[in-house]
Amino acid sequence: MQAPSAAPAQRLSRADAEDLGQRIQQQAALIAQATCDFILLIAEFDACEGRRYYYGLKSTAH
C-alpha cells in the first residue's frame, strides 16, 4: 500500500478514481471488522465480570 502523496491534489482518471474508491472501501471494511471484534471483546469482558479486578471500574461503558 502506498502512502498518501504530499503533492497537490490533481484530477484522477476514472480508473484511478475507481481504484482509490475500492481501496477506501477495503479500509472501511477492515475498520468495521476491527470495531466489531473490539465490541465483542468488551461484551465478553463485561459478561465474565472482568471489571471486578479493577478498583473503581463500574463498567466498560465509560
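Placed above this text is the structure.
The numbers attached to residues start from 1 for each chain and follow its sequence in the written order. With the structure being a predicted model, the display of local features is reserved for residues of pLDDT at least 70 and the display and counting of side-chain atom pairs for 80 or more, all residues being used for whole-chain, interface and lining totals. Values shown for side chains rest on all heavy atoms present in the structure; no hydrogens or waters enter the calculation.

### Description of the packing of aromatic side chains
Our working definition: Working definition: a ring pair exists when centres of Phe, Tyr or Trp rings (six-membered ring for Trp) sit within 6.5 Å. Plane angles under 30 degrees give stacked, over 60 give edge-to-face, the rest tilted. Three exposure classes are used, based on accessible area relative to the maximum for each residue type with a 1.4 Å probe and protein chains only: buried under 20%, partly exposed in between, and exposed over 50%.
Overall, the coordinates contain one aromatic pair when judged by the stated rule. Summarising the aromatic geometry, the rings of F45 and Y54 are spaced 6.1 Å apart at their centres and angled 55 degrees between planes, so their arrangement reads as tilted. Residue classification places F45 among the partly exposed positions, given a relative accessible area of 29%. Of the residues examined, Y54 reaches a relative accessible area of 49% and is grouped as partly exposed.

### Focus: the pattern of salt bridges
Basically, it comes down to this: Throughout this description, the term salt bridge denotes a Lys or Arg side-chain nitrogen within 4 Å of a carboxyl oxygen of Asp or Glu. Think of it this way: any DSSP run of H or I at least four residues long counts as a helix, any run of E at least two long counts as a strand, and we number them from the N terminus.
Scanning the entire structure with this criterion turns up two salt bridges. With a shortest N-O distance of 2.9 Å, E18 and R14 are connected by a salt bridge. Of this pair, E18 and R14 are both found in helix α1 (residues 14–47), four residues apart, which corresponds to roughly one turn of the helix. Residue classification places E18 among the partly exposed positions, given a relative accessible area of 46%.

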